[in-house]
Amino acid sequence: MARARLGLGVVLLLAGCATAGAMAPSPAATPTREVLPNGVVLIVQEQRASEVVALQLWMRMGGRDEATDELGLAHYIEHMLFKGTPTRPPGSIDTLIEGFGGTSNAFTSYDTTHYDFVVPTAHLRAGVELLADLAVNASFPPEEIESEKKVVFEEMNLIEDDPEKFLLRRLYEVAYSPHPYGRPLLGRREFIEKLDRDQLRRFYRKHFVPKSMVLVVVGAAEPALVRRLVEATFGRVEPAAPSRGATPPVPTFGPSRRVDVRRAEKQAYLGLAWQTAPLANEDVYAVDLLTSILGDSPSSRLNQTVRERLRLVATIEAGYGAFEKAGVVTVTARLEPADLDRAEAAILDVIRKVRAEGVTEAERQRALITAESSYAFDIETAEGLAKTYGQAETTWTLDNELAYLSRLRGITAAQIQAVARKYFGDDNYARVRFVPGTSSR
Amino acid sequence: MTRLVFAVLAAGLLAAPAVAQESRERLDNGFTVLVRENPVAPVVAVSLLVKMGTRWEEPANAGISNFVHAVMVRGTAKRTGAELAESIAALGGKLNAKGEVDYSEISATALSRFWREVLGFTAELALEPKLAAGEVDGERDWLLGRIQKRRDNAPARAFDEFFAALYGPHPYAIPALGTPASLARIDHPALVAWYRRFYQPERMTLAVSGQISPGEVLAEARRLFGGLPRGAVVGEPSRPAPANRGERRTFEQPAQQAQILAGGLAPSLDHPDHAAVKVLSTVLGGGMAGRLFVELRDKRGLAYTAAAYYDPVVDPGALVLYLGTAPENATKAEEALLREVERVRRDPVGVDELNRAKGYLLGRYAMDRRTNERQAWYLAFYELEGVGPDYPERYRRAVEAVTPSDVLRVARQYLATLTTVVLRPR
């Protein structure tokens, strides 16, 4: 289960910031974006870091596009796509990719789903053909649908057994319900148990249309060749109208959205969530830096105050889930049950202090370096770079992505303080606490 | 939606292979610098390898190379360990040090505009470690904890027991972490002496990969490392040859799964048989299409994990076949494993299977060299192993040239005598 990770910008635009030992600028490495006649968006970038190519199919479709009686379908389809097509029997797809020495993976989030291959360049053509085949010809073999149920239940168990993952899952549910961002991406057991082939096929045919497809190809491959391969495969898919519906407005967070859950763990877990800026919002840059300053590293404010000085928590961190239709900043901590109230008060104090006094220039600088470094190491591989492009194209825009780091650099300490004041109140948050006791799940 | 068959008519215009710009220089004092310019992302990775590791150790001081590095990162002449960590974090990077079998490594990454700073911290750690007496006991306790953790972990324990049985009197028999008895014996003067003996310029290779200018990096490396005087020559260790006596050892410990390892001694990296044994290892245990996975897991459900390992080292390596399975299946799984060994030593591998194995092997090799961190390590490692910068291309060609009769020949040779370790849950 993936939360949207905020994409950061392309660093080549920061050439002017290089300090000592500045080198000659790199050849302008930017992606090309084009829309094929049937609506498929193709993003290509030649990147010769190694002799592999990343192929990613991003769908403008995710958990939020499910009807209330379809919860879990987007994720289930993610599992089923690798199970076969009329020309590829079950098991053969994994073996094919592995035989190339490549890897395959897939992810479902609220706004998107994506299917990823990394293959040695020699297998580019076979990879594009396979991805296109999965995108329109998935056959959903009935026996595979049944056996995959066990795998999905196992995935649900894994999330429920992992208190940190389950805390976030419950926090989103409590904060957003009944908005789609509050739903379980894996669906509910009772529904998955009865899931049948027709439901899957209907959902697949409705959503896997060219206008919802974004194909990203990054790696050691000639863009002209890539274009030809994609035109001969994805370019031939019959056009159809996309069926993405409107998303309801996001609810207000507040004291009515607070839940305590009894769990088997001996330690307690605390999760707080504030409604902040969605992706397209101008505040996204300042919120990103604020989140980093609050809780992104051992030297962050929450760590220094609540963990190091007050010793109220064993771990604490802040995260920013930036989605297309909403943004949420979460603060999560593991702690002794007796410290729950004091820790929550201390977290609110830390945020109050930022609202009142702002952040320091050193903190702003450190947050920038962290953002820049995290992005730079993400894009050093073909698949990492492809992911930032796919995410941006489906939930934001490619241009916003390319400008992200330079926009981030322009944010002042005063702007960071301003978003703290705008979004973070003493009472406008949702809360989930895991407390030891007989499990009530 | 009608079904489409995707057949692309375009001619096979495969892209030219990536061309890396690599520079190599041996300084007057014997220190080697390798630089690879990789413009794709604004990051830099540094790998400093030193010829110092298990190969030079004896049972009495096993683990000393790794122990030295654990104490090194606790501080330099200029700053404490915490200050060093904070300084590196401010460059958007990280820094690590450890001892391995054939080498020890200081590795670091950072945003590439801080390449000069990260190179400076690497040199500071390598050349001016404080090695404070007060840090020794704490680090020893921490290492003893790691040894215990490894012993409690059934697969890790099984591998350690396997190498002990396979290598006998050779130093590869003992884990790089050492043993509780050896760590107890190693004191502060021993650590300092070990550091001084091995941290000599002619034993060190520095590799840098990233968005950097090779000329500038070479000049800075000369400035940082060129002033070191040559040290006393440390001879190659004269060690008893490993003795694979074909033993079968069994152990018990609390665990859920049974662990089964069988294997033999295998060629070193520069040996003419290296590529053929890599292919053999992949045919048997390379991923989900490897024979062990297909036969033992898919078809018979006799194992949960089924794989083969063969990592290159300077002295003889080890080809290890590995199964993790439910205790009630252990006997049958071991029998089935031995049948697969018999089969690969009796019948030549089919052409399709051979090609799949080569594709998997070379694909994984390309996949493993994607990041600058791995690129820097590979550069330094191949230099240290003495196989030269064109090794990846020679290796690729050698793998492609392997025939079914090569695989049969090396299977007969290297899997003739099997050492076996079985670890059962208690």
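Predicted model only: the values in this text are computed from it and were never measured. Counting of residues starts from 1 at the beginning of each chain's written sequence and follows it residue by residue. In the order they appear in the text, chains get letters beginning with A and ligands get numbers beginning with 1. A pLDDT threshold of at least 70 governs which residues receive local features in this predicted model, and a stricter bar of 80 or more applies before side-chain atom pairs are shown or counted, although totals over entire chains, interfaces and linings include all residues.

1. Let's talk about the overall build of chain A
Scanning chain A from terminus to terminus reveals 16 helices and 11 strands. Our radius of gyration is a C-alpha quantity, and the globule rule it is checked against amounts to 2.2 Å times the number of residues to the power 0.38. Computed over the C-alpha atoms, the radius of gyration of chain A is 23 Å, within 12% of the 22 Å expected from 2.2 N^0.38 for a compact globule of 441 residues. For the C-alpha atoms alone, the extent of chain A along its principal axes is close to 60 × 60 × 35 Å. Burial statistics for chain A: of 441 residues in total, 53% are counted as buried. Runs of H or I in DSSP of at least four residues are treated as helices and runs of E of at least two as strands, each being numbered from the N terminus. Partly exposed residues are those whose C-beta has more than 12 but fewer than 20 other C-beta atoms within 10 Å; 20 or more makes a residue buried and 12 or fewer makes it exposed, with C-beta atoms placed from the backbone.

2. Section: the packing of helix α1 (residues 64-72) of chain B against helix α4 (residues 133-152) of chain B
What describes two packed helices is the angle between their axes and the distance between those same axes. Residue and element names in this part refer to chain B. Simply put, an axis is a line fit to the C-alpha atoms, just over the touching stretch for a helix, and the angle between two N-to-C directions goes from 0 to 180 degrees. It is at 9 Å that the axes of α1 and α4 come closest, and there the two elements cross at 120°. Comparing their axes, α4 and α1 come out oblique. You can see that α1 and α4 cross each other, and the crossing is right-handed. Facing α1, whose interface residues are Phe67, Ala70 and Val71, α4 presents Glu135, Val136, Glu139, Trp142 and Leu143. Put simply, Ala, Val, Leu, Ile, Met, Phe, Trp, Tyr, Cys and Pro go in the nonpolar bin, Asp, Glu, Lys and Arg in the charged bin, and everything else, Gly too, in the polar bin. For the contact of α1 with α4, the residue count by class is 6 nonpolar, no polar and 2 charged. Each angle is binned into one of four classes, with values under 35 degrees roughly parallel, values over 145 roughly antiparallel, values of 65 to 115 roughly perpendicular, and all other values oblique. Note: crossing handedness is left-handed where the near helix turns anticlockwise from the far helix by less than a right angle, and right-handed where it turns clockwise. By definition, residues are in contact whenever their C-beta atoms, placed on the basis of the backbone, come within 7 Å of each other.

3. Description of the interface of chain B and chain A
Contacts between the two partners involve 46 residues from chain B, matched on the other side by 55 residues from chain A. Elements supplying a minimum of two residues to the side of chain B that touches chain A: α3 (115-127) and α12 (351-368) of chain B. Per-element tally for the side of chain B that touches chain A: the top contributor is α12 of chain B, with 9 residues. For the side of chain B that touches chain A, a count of residues per class yields 27 nonpolar, 11 polar and 8 charged.

4. Brief notes about the domain arrangement of chain A
Residue and element names in this part refer to chain A. What the domain assignment reports for chain A is domain 1 (30-236) and domain 2 (258-436). Taken together, the contacts link 31 residues of domain 1 with 29 residues of domain 2. Elements supplying a minimum of two residues to the side of domain 1 that touches domain 2: β2 (41-46), β3 (52-59), β5 (113-120), α5 (163-176) and β6 (213-219). Considered class by class, the residues forming the side of domain 1 that touches domain 2 number 20 nonpolar, 6 polar and 5 charged. Domain extents, as shown, originate in an automatic or database domain assignment.

5. Here we look at the confidence of the model for chain A
Close inspection of predicted coordinates is inappropriate for parts of the model with low pLDDT. A residue-level look at chain A finds 93% of positions with pLDDT of 70 or above and a mean pLDDT of 90. Every residue carries a pLDDT, the predictor's confidence in it, which falls somewhere between 0 and 100. Contacts from residues 1-28 of chain A, a stretch scored under 50 in pLDDT, to residues over four places away or in other chains number 62 contacts.

6. Comments concerning the environment of glycine 384 of chain A
All names here are of chain A. Considering the arrangement of structural elements, one finds glycine 384 in helix α13 (residues 382-395). Measuring from C-alpha to C-alpha, the distance between glycine 384 and methionine 156 comes to 27 Å, with 228 residues separating the pair along the chain. In this structure, glycine 384 is in contact with Asp378 and Ile379, ignoring residues within four places of it in sequence.

7. Some remarks on helix α1 (residues 73-80) of chain A
All names here are of chain A. Counting buried positions along α1 yields 7 of 8 residues, so the element is predominantly enclosed. For α1, every residue scored as buried is listed here: Leu73, Ala74, His75, Tyr76, Ile77, Glu78 and Met80. On its buried side, α1 packs onto β4 (103-108), β5, α4 (142-161), α6 (189-194) and α7 (197-207).

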